[in-house]
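Understanding the architecture of this molecule
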Amino acid sequence: MRALVLSGGGARGAYQAGALKYLIGDLGLRYDILCGISVGALNCGFLSMFSKEKETDGLAELVNIWETISTEKVHKRWFPFGRLHCLWEKSLYNSKPLMDLVRSRLDLNIVRNSGKMVGVGAVSLSTGKFRMFTQNDDSFVDGVLASSSFPAFLTPIEIDGELWSDGGIKEVTPLQQAIDFGATEIDVIMCSPLKPSEAYNENDNTIDVAMRSIGVMNDEIMVNDIKMALMYNKLVSLGAAGDKRIINIKLIYPDSGLNIDSLVFDHDKIMNLINQGYEEAKIKYTL
């Protein structure tokens, strides 16, 4: 079975949509399993409503979402005091626009009827535990929102009496869930290079520093996720993993940092990222 694994990255998720234009649109690849974290959870969530036979329709829908997205459709300032609300609210921005967008377009019944297995990861701020929400969970849509709740910046989601936030706090590329679902081939699309080059700027403000700190943390987690998957294959090849199977893993990632703020959805930059993802997928992906 073929799985698609999508990492986190905020507005950089447009890069994934571009790469999928090549994988699904040009190569005709079809996926049984979809696993995502953060913006990857959003992308997987929308794709999961389409069966393998209608995957090109799902791709068109996903690309359309990215081509028409804007910052105002994701988050807004708290009223009336803006960022001062973070002194008593649970996030710097009010992400109700994103909640409304997802809840109006993501239908769990359609997901369940698509035949896809899908998992999105979130972390409980109440207990610190990581959880994968799947199509079998009645709280799946809220799980997608929780996974995409950028830590401290976007509003965490309450599920079963607990507050849940971005799964990227603990896991950026949910390869293990894809393997647990039974994947034999996994295509991974990341929004960051394997060797990040972005550096601290002395003119950065507090928010810039916070964003950079989260980025550094996520980059380290992402690299460790990939290392663990490759180690899994090595153990299988050495016969040290029982009857486990070798997983064919292919990676698509930018060679350098993507030039966009994770929470600023600028149309021109989004379009550039879609094009970049498409062109780099053509270069990096070989059947």
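Everything below is about the structure shown above.
Residues numbered from 1 in each chain as written. Predicted model: local features only at pLDDT ≥ 70, side-chain atom pairs only at ≥ 80, totals over all residues. Heavy atoms only, no water.

**Side note on the side chain of Ser 38**
- With respect to the helices and strands, the residue Ser 38 is situated in the loop between β2 (33-37) and α2 (39-47).
- Relative accessible area serves as the criterion here: at 5%, Ser 38 is assigned to the buried category.
- Leaving out residues up to four positions away in the same chain, Ser 38 has contacts with Gly 8, Gly 9, Ser 147, Ser 148 and Asp 166. (Helix = DSSP H or I, 4+ residues; strand = E, 2+ residues; numbered from the N terminus. Buried < 20%, exposed > 50% of the residue type's maximum accessible area, 1.4 Å probe, protein only. Contact = heavy atoms within 4.5 Å.)

**Comments concerning the nonpolar core**
- Counting 59 residues, the largest nonpolar core has Leu 20, Leu 23, Trp 66, Leu 106, Ile 189 and Ile 270 as the members making the most contacts within it.
- Top contributing element to this core by residue count: helix α1 (residues 13-26), with eight residues.
- If sequence neighbours within four positions are ignored, Leu 20 has contacts with Leu 4, Gly 25, Leu 47, Leu 59, Leu 62 and Ile 189.
- Counting residues in each nonpolar core, the second largest holds 13 residues, with Cys 35, Ile 186, Val 188 and Ile 247 among its members. (Core = buried A, V, L, I, M, F, W, Y, C linked by side-chain atoms within 4.5 Å.)

**With respect to the packing of aromatic side chains**
- Inspection of every chain in the model, using the stated rule, returns five aromatic pairs.
- Residues Phe 150 and Phe 153 carry aromatic rings whose centres are separated by 5.7 Å and whose planes lie at 70° to one another, so their mutual orientation is edge-to-face.
- Residue classification places Phe 150 among the buried residues on the basis of a relative accessible area of 8%.
- Under the relative-accessibility criterion, Phe 153 is labelled buried at 4%. (Phe/Tyr/Trp six-rings, centres within 6.5 Å; stacked < 30°, edge-to-face > 60°.)

**Examining the pairing of β2**
- Of all five residues making up β2, five are buried, and the element is well covered by its neighbours.
- Burial along β2 is two-sided: the residues Ile 33, Cys 35 and Ile 37 and Leu 34 and Gly 36 are all buried.
- Strand direction decides the pairing type here: strand β1 (residues 2-6) and β2, joined by four bridges, are parallel. In the sheet register, Val 5 faces β2, and the bridge partner there is Cys 35.
- For the crossover from β1 across α1 to β2, the handedness is right-handed.
- As paired strands, β2 and strand β3 (residues 117-124) are joined by five bridges and run parallel to one another. Opposite Cys 35, over in β3, you have Gly 119 as the bridge partner. (Pairing = 2+ DSSP bridges. Right-handed = clockwise from strand over helix to strand, strands pointing away.)

**Description of α2**
- Among the nine residues in α2, nine count as buried, and that is most of the element.
- When α2 is considered as a whole, its buried residues turn out to be Val 39, Gly 40, Ala 41, Leu 42, Asn 43, Cys 44, Gly 45, Phe 46 and Leu 47.

**Here we look at the packing of helix α4 (residues 96-105) against helix α6 (residues 140-147)**
- Viewed as axis vectors pointing N to C, α4 and α6 meet at an angle of 145°, and their least axial separation amounts to 10 Å. Classified by chirality, the crossing of α6 by α4 is right-handed. Along the contact surface, α4 presents Leu 98, Met 99, Val 102 and Arg 103, while α6 presents Val 141, Asp 142 and Leu 145. (Axes fitted to C-alpha atoms, helices over the stretch in contact; angles between N-to-C directions. Left-handed = near helix turned anticlockwise from the far one by under 90°.)

**A closer look at the environment of Val 188**
- Its place among the elements puts Val 188 in strand β7 (residues 185-189).
- Along the backbone, Val 188 and Thr 173 are 15 residues apart, and their C-alpha atoms lie at a distance of 7.8 Å.
- In this structure Val 188 touches Val 5, Thr 173, Leu 175, Ile 249, Lys 250, Leu 251 and Ile 252, once residues within four positions along its chain are discounted.

**Thoughts on the state of the cysteines**
- Scanning the entire structure with this criterion turns up zero disulfides.
- Distance from the sulfur of Cys 44, which forms no disulfide, to the nearest cysteine sulfur (Cys 35) is 6.8 Å. (Disulfide = S-S within 2.5 Å.)

**Description of α6**
- Among the eight residues that make up α6, seven are buried, leaving the element largely enclosed by the rest of the structure.
- Within the sequence span of α6, burial applies to Phe 140, Val 141, Gly 143, Val 144, Leu 145, Ala 146 and Ser 147.

**Focus on the side chain of Ser 149**
- Within the secondary structure, Ser 149 sits in the loop between α6 and β5 (157-159).
- Once residues lying within four places of it in the same chain are set aside, the contact partners of Ser 149 are Leu 154, Thr 155, Pro 156, Ser 165 and Asp 166.

**Focus: the pattern of salt bridges**
- Per the stated rule, a full pass over the model turns up eleven salt bridges.
- Notably, a salt bridge pairs Asp 100 with Lys 96, separated by 2.8 Å at the nearest N-O pair. Residue Asp 100 and its partner Lys 96 are both found in helix α4; the two are separated by four residues, about one turn of the helix.
- Note on Asp 100: relative accessible area 40%, which makes it partly exposed. (Salt bridge = Lys/Arg side-chain N within 4 Å of Asp/Glu carboxyl O.)

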